[in-house]
Amino acid sequence: MSKPTTAELTTLGIAEAGHLMARGEITATALTEAFLARIEAVDHKIASYITVTADRARLAAKQADMERSQGLVRSPLHGIPIALKDIYETEGVLTSGHSHLRADYVPAIDAETVRRLKAGGAVLLGKLATHEFANGAMTPDQPYPAARNPWNTDYQPGGSSSGSGAAVAAALCMGAMGSDTGGSIRNPAGFCGTAGIKPTYGLVSRCGIYPLSFSMDTAGPLAWTVEDNALMLEVLAGHDPNDQASARAPKVDYGAATQRPIKGMRIALARTWYEGGLSPDMAKGMDEAVRVLRDLGAIVEEVVFPDIRDYHICGRVIITAEAHAIHRQEVIETPEKFGYTTRRRFQLGAFLSAEQYLSAVRFRRSLQVDTRVAMRGYDLVLAPNQWGPPETFEEPQAIFHFLGKPSLSMPFNITGQPAMTVCCGLGSDGFPLAFQLAGRPFDEASVFAAAAAYERATPWRLRRPPL
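Residues numbered from 1 in each chain as written. Predicted model: local features only at pLDDT ≥ 70, side-chain atom pairs only at ≥ 80, totals over all residues. Heavy atoms only, no water.

1. Details of the nonpolar core
Ranked by size, the top nonpolar core spans 131 residues in total, and within it L31, L117, F305 and L382 carry the most contacts. The contacts of L31, once residues within four sequence positions are left out, are L9, L12, A17, M21, I26, G79, I80, P81 and M174. (Core = buried A, V, L, I, M, F, W, Y, C linked by side-chain atoms within 4.5 Å. Buried < 20%, exposed > 50% of the residue type's maximum accessible area, 1.4 Å probe, protein only. Contact = heavy atoms within 4.5 Å.)

Written out as structure tokens, the structure is:
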């Protein structure tokens, strides 16, 4: 391609930008300045950033350019502008958790994931909006504006990694870090039309990230393409002795995995989870995704999994109990500092008994086994990412969130499997449609292969929100 203009720089993919920097056609400094200018020009419409670290970003970009000129390339992210959900601790930079309780908190050290991104040469642009302490609901009584959906700013972007999904979709960073306890990477990825992966539980360190649920929190990236997610995960994945849940897994070339053919790959379609419950647009999107994957040579067959409500209620009990344990002291001593919905959700955990919590933990194990049995003979699971379009800001946020429509993302938090959100079109209302592909534990490579093959076969990465 010809040398991109300043406006085109912000819509480059990570892989593409890396190739251009390697050939000397663009610089990390030019890339960073383009993103900083776009943030200043359009972020007031969607409020995706809480803090922009412009001076630090410029210094990091200058360092990346100097190192690249000397032949040093630290990783696929060397010189790439990235942003962080504001629950990731950052040395010398405000880490608010989108809460009055941390309005002045400036950590002394970086989260392990942030350290790895910096070691890989990434340029950190700043900190992104989130639901308070990643709890999955947004209320107006919090210290910063709620992030808005760049496809239509009257609507929510999904959460709790709300700013991450909005910023990537709006071309305000090339990639963003999120967290996923009950769908908080995949929900904003789906509603904002980006790609996002919840890695296998334990693959990416959570050390230095505000916790919500000890046994379900998972850190991971969002980016515009599947390949870009893969390149980010290459830098992030790996054992961390300071995270008790961290696993020792073999190093994988995830970027190469995105180029693998998928002919003969076996995919289990979890139709019983969503039959009759999707919006008409989302139902058509799912049917079309099945057709495309079959045309690519994959074998897609319907398989019966445990009831979607079982995963949902099990996960909600565990998250609610563990979130209360984490925030109990502050909920008792300074309840007024929490947003209304956050406070009520955290207080709810006080009404769950030890017996109920332990029953949910045991039930989780049963669901993990039953899911593994249902997947026998299959490489991946295919399911919708969302029931339909996002909510408006006027719709009330649920406090008692055990009942109602179950979460389509929760099954893979319960099982700990890797699960990726992939855009599969735009609905008649203009909002993105998305499905999930989930793999066996630590087989992110197969997830990336199928998701990237689908992306290459469809035109959905060519359209951005019309901000």
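2. Some details on the side chain of T53
With respect to the helices and strands, the residue T53 is situated in the loop between β1 (49–52) and α4 (54–69). On the basis of relative accessible area, T53 is assigned to the buried category, the value being 12%. T53 has contacts with V93, L124, L125 and G126, leaving out every residue within four places of it along the chain. (Helix = DSSP H or I, 4+ residues; strand = E, 2+ residues; numbered from the N terminus.)

3. Brief notes about the pattern of salt bridges
Under the definition given, this model contains 19 salt bridges. Salt-bridge contacts for K127 lead to D86; the nearest nitrogen and oxygen are separated by 2.9 Å. Placement of K127 in strand β3 (residues 123–128) and of D86 in the loop between β2 (81–85) and α5 (112–119) is noted, with a sequence separation of 41 residues between them. Per residue, the accessibility class of K127 equals that of D86, and both read buried. A salt bridge links E301 to R266; the nearest nitrogen and oxygen atoms lie 3.1 Å apart. (Salt bridge = Lys/Arg side-chain N within 4 Å of Asp/Glu carboxyl O.)

4. Some words on the side chain of T51
Considering the arrangement of structural elements, one finds T51 in strand β1. When its relative accessible area of 18% is taken as the criterion, T51 is described as buried. If near-sequence neighbours (up to four positions away) are discounted, T51 is found in contact with V93, L94, L125, G126 and K127.

5. Regarding the sheet that holds strand β7 (residues 266–269)
Spatial strand order, β1-β3-β2-β4-β6-β5-β10-β11-β9-β7-β8: 11 strands in an open sheet with mixed pairing. Each edge of the open sheet carries a strand with a single partner, namely β1 and β8 (299–302). Neighbour-to-neighbour, the strand axes of this sheet turn through a mean angle of 25°, independent of strand direction. The pairing of strand β4 (residues 175–179) with strand β6 (residues 219–223) spans 5 bridges and is antiparallel. Considered in β6, the bridge of M177 is made with P221. (Pairing = 2+ DSSP bridges. Axes fitted to C-alpha atoms, helices over the stretch in contact; angles between N-to-C directions.)

Read these as spatial facts, not as claims about activity.
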